[in-house]
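For reference, the chains in residue letters:
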Amino acid sequence: MATPLLGQRVKRKEDPRLIQGRGHYVDDIQLPGMLHMAFTRSLHAHARIGSIRVAAAKAAPGVVAVYTGQDIQGQLGWVPCAAGIEGLKVPRHSCLAIDKVCYVGEPVAAVVAASGYAARDAADLIEVDYEPLPAVVNPEKALAKESPVIHEELGDNVAFVAKLAGGDCASLEADKTLKVIKARFINQRLAPVSMETRGVVANYSPGEDLLTVWSSTQVPHILKTQLAIMNSLDEARCRVIAPEVGGGFGSKLNVYGEEGMACLASRRLGRPVKWIEGRRENLQATIHGRDQINELEVYVRPDGKVVGLKCSIIADLGAYHQLLTPAIPTLTALMILGCYNIPNVFVQTTGVFTNKMATDAYRGAGRPEATYIIERVMDLVAHELNMDPVDVRMKNFPSPDDFPLALPTGVTYDTANYQRSLKKVLKAAGYSRLRKEQERLRKKGKYLGIGLSTYVEICAMGPSSRMPAGGWEFGEVRIDPTGKVTVLSGTSPHGQGEETSFAQIVADGLGIPYDDVTVYHGDTFQVPMGIGTFGSRTTAVGGTAIYQAMGRLKKKMARIAAHQLGVKPGELVFRDRRIETEDGQKSIGFAEVVAEAIFAKQLPPGIDPGLHEHSVFEPSNYTFPFGAHVAVVEVDGETGEIRLRNYYAVDDCGRVLNPMLVDGQIHGGVAQAVGQALWEELVYDENGQLITGSLMDYAVPKAHQFCWFETQNTETRTPVNPLGVKGVGEAGTIGATPAVVNAVVDALKPFGVRHIDMPLKPEKIWRILKQGVRN
Amino acid sequence: MKIKVKVNGAWREDEVEPRLLLVHYLRDVAGLTGTHIGCETSICGACTVLVNGEAVKSCTLFAVQADGAEILTIEGLAPDGQLHPLQQGFWEEHGLQCGFCTPGMILASYQLLKRNPHPSPEEIRQGLEGNLCRCTGYQHIVKAVEWAAARMSS
Ligand code: FES
Ligand code: FES
């Protein structure tokens, strides 16, 4: 019998085309008569637009059309926001600025020309008269009465205030036996930086009245609906295709003004229009991530048990809402308790407009911030009570028997064993040995730091009742007359490798070779419905839809086979290209049953011809993957340089379908998390100019900056879906940042350091080493 | 201006604008879209190709500067369908996720192994300093290059 593929390290189906340069990303699409679009963008963070002079651009060689905000008003819908928050203020967000610009990089005009070079040249010829207004870039200043107001019609810069309360924090204030620990953390603004920037090709074909859009997106179906609305087209007249997508990390879980503009231009001109984002544009005008200020009060018993947590989150939303902008910081509130059942919690989240690009979902999306808060808090508790950070965590973990565990934040964790993953990672790291080494080195004036993070994340998004646009997923399995299998998914993977894991599920389930299964996704004409790839949902939710569709197909095939074999359908198993009784006595070839089902010569009564089933899976809950990480760093006492010496990760993402893919997700996630801890930061100056506008200034980590990541898994399956899969796409990014920061703070303990804000650049550390801390 | 270049073993002649970047020539004129553009400012390495055997970021060169040169792009690495050990290594060791950096990574690794057939993991990391990958965290790329090095020297 063939060994099952699930759980095996199966090589990827995606790779042969990609390693030969034969995949097709958006910029690889060439259509006859195709035109190219470029944007003129705001140089000001906040300014009124006077006149816009476009004559020179219109007269430039190759230029076909020029559009300004005035030209498109009423012709193209607003850039949409799907977040549903009570009392949320939603500013109008035009695809091209109309009378005012609110951040550097905001599109002001679009040029369409015969080539990309011609379009970019002409975009530079457009002259815009600006009347600069005072800009506000600091969210705390934006809250002040005297602050400039970005959207005058909304009254002030507060987009929303949301409160989340559980238990009774107020009662803790009177309890004098409790220690109160206060802290303020800044979670800096980051850029997702997928290596492929954004891009879109829109092709409106007037004959068919059909708009076809290729976009580098994570959510083709959502994009189709939104582009149809923006362009006042029936959805049946709009097709979106996500071709090969070169990474997204949340930044392509969105609907952007440039996509709307490409559609408008193609509709007006009746020709295909391509726009490919430059890297500078990508850093200016693709959504940013994180950017929160967290003020905390933590109530702790003398034995280290945390009994209350109060937090104020000031979330810098930027100038406008993108698709999920205001929803992201509310996820921080939801997950702020981490792995600890702290009975009393109060979180106030204030979303603030500033003159910057919108923040939105960047890998982890609100949960890295939550994990950072609670895992830094655990270390602060250890620091203040002079306890080992391991003991503080063990003290506060719920027992594995407590699950499902309803938390005062309103979420119910499915399954976990936090003690097990922590013990496992401590063993891998040789924790007690490390502590001894640290002590030895300190005596020699060398600074080794050991940092822990025990995280839990909220994944497999999610129950439709909690999601802005539904949280189900669509899957379809069909068997063609030759016995080969086609799988369709409403998800839209872009590097995660689900062509592989979905094929593993189906090949195993049907007892056929892996090579007989082909997986398609990303085309709204091919896949009737879908939500997309984000929130670590693709395998847990999308894979389950496929698994269920396959189950229906197997039921039908078993009935046909049983009819032929004279047995009951329930007695049959699918294995080695046969459908047979467990003992193998009665057996029929898979291909024979397929032929019977499709050619329909002797179908049992009540069975329709064909092998073609779909399913929509609606999860009853999120899943809650968890894990424990240890970072070991060396701090150079002379230069302040930090070297990540070792990294150990134990992650539990439920059942592992392909350990190679899981490892890859963890590595990539950890790398991005370490990037946030040590190097990455988007910086605007006080006038709202983006200082880190190129890859020279924005520090995407390189290969030599990392150590070897030692990864392991534990497997605690979830009952939320029949596969037992929890999700792993964001785990590394969520778990790793506090481990690294905790390690550096731990290294600098002899200097009295209690907290340092990220990124932990050598200069910051050097100052502490030379000048001591100012606490 | 007229240029003559040998791309993946075949000579071709084209009329190009003097300011046309080599990467755009390869992608838009020669139709070889396996060479990608990640920054256009010679930082990311996605556009890496071999020019006369040297790994070059093709966004830093004008097409006219390559006049007379021999160029190898990712499409030319497995001419008869037989994967190059580096391609095979990236497949075996999960050296790619979204695949956007991959052609550049493979060609940069090609040069690396030519100069140093038995690199240590540290040397591989240093050698790929000019190529960014946002997906993999690089570890599987290091393994992929080690895989290829082992096969190529045996
Ligand atoms: S595109 Fe040439 S180095 Fe980035
Ligand atoms: S695999 Fe996506 S950037 Fe390297």
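Residues numbered from 1 in each chain as written. Chains lettered and ligands numbered in written order. Predicted model: local features only at pLDDT ≥ 70, side-chain atom pairs only at ≥ 80, totals over all residues. Heavy atoms only, no water.

A. Just the overall build of chain B, in detail. Summing up its helical and strand segments, chain B has five helices and five strands in all. Secondary structure elements in chain B, listed N-terminal to C-terminal, are β-β-α-β-β-β-α-α-α-α. For chain B, the C-alpha radius of gyration of 15 Å lies close to 15 Å, the compact-globule estimate for 154 residues. Along the three orthogonal principal directions, the C-alpha set of chain B runs to about 45 × 30 × 25 Å. Counting every atom, chain B has about 5,700 Å² of accessible surface; 49% of that belongs to carbon and sulfur. Separation of charge centres in chain B, based on 13 positive and 17 negative side chains, amounts to 1 Å. (Helix = DSSP H or I, 4+ residues; strand = E, 2+ residues; numbered from the N terminus. Rg over C-alpha atoms; globule rule 2.2 N^0.38 Å. Areas by Shrake-Rupley, 256 points an atom, 1.4 Å probe, with all protein chains shown as cover. Lys, Arg positive; Asp, Glu negative; His and termini not counted. Charge placed at Lys NZ, Arg CZ, Asp CG, Glu CD.)

B. Broad picture of the interface of chain A and chain B. Counting residues at the interface gives 53 residues for chain A and 49 residues for chain B. Together, Ile19, Tyr117 and Met195 of chain A form the three largest contributors to the area buried by chain A at its contact with chain B, with a combined 18%. Remark: the boundary between chain A and chain B carries seven salt bridges. Viewed at the interface, chain B and chain A are joined by 26 residue pairs in polar contact (both at pLDDT 80 or more). When contributions to the side of chain A that touches chain B are tallied by element, the ones reaching two or more residues are helix H1 (15–19), helix H4 (116–125) and helix H18 (659–678) of chain A. Take the side of chain A that touches chain B: its biggest share by element is nine residues, from H18 of chain A. (Contact = heavy atoms within 4.5 Å. Buried area = accessible area lost by both parts, 1.4 Å probe. Salt bridge = Lys/Arg side-chain N within 4 Å of Asp/Glu carboxyl O. Polar contact = N/O pair within 3.5 Å; in protein donor to acceptor, adjacent residues only side chain to side chain.)

C. Structural context of helix H8 (residues 257–269) of chain A. Residue and element names in this part refer to chain A. Here H8 spans 18 Å end to end across 13 residues, near enough to the 18 Å set by a 1.5 Å rise per residue. Burial runs high along H8: ten of the 13 residues are buried. Taken together, the buried positions of H8 are Gly257, Glu258, Glu259, Gly260, Met261, Ala262, Cys263, Leu264, Ala265 and Ser266. At the exit of H8 stands Gly270, carrying a positive phi of roughly 65 degrees. (Expected span 1.5 Å × (residues − 1). Buried < 20%, exposed > 50% of the residue type's maximum accessible area, 1.4 Å probe, protein only.)

D. Focus on the pattern of salt bridges. All names here are of chain A. For the coordinates displayed, the defined rule picks out 58 salt bridges over all chains. Among the salt bridges present, the one from Glu384 reaches Lys179, with a minimum N-O distance of 3.9 Å. Of the two residues, Glu384 sits in helix H11 (residues 367–385) while Lys179 sits in strand E8 (residues 179–190), which places them 205 residues apart along the sequence. As a salt-bridge pair, Asp480 and Arg478 come within 3.7 Å of each other at their nearest N and O atoms. With relative accessibility at 24%, the residue Asp480 sits in the partly exposed group. Taking the relative accessible area as the measure of exposure, Arg478 reaches 27% and is therefore partly exposed. Here the salt bridges do not stand alone but share partners, grouping Arg41, Arg198, Glu258, Glu277 and Glu281 into one network.

E. Highlighting the domain arrangement of chain B. All names here are of chain B. Parsing chain B into structural domains produces domain 1 (2–77) and domain 2 (85–152). Summed over both sides, the interface between domain 1 and domain 2 buries roughly 1,400 Å², with carbon and sulfur atoms accounting for 62% of that surface. Sorting the residues of domain 1 by area buried against domain 2 places His36, Ile74 and Leu77 first, and these three jointly supply 35% of that buried surface. There are one salt bridge connecting domain 1 and domain 2. (Domains from an automatic or database assignment.)

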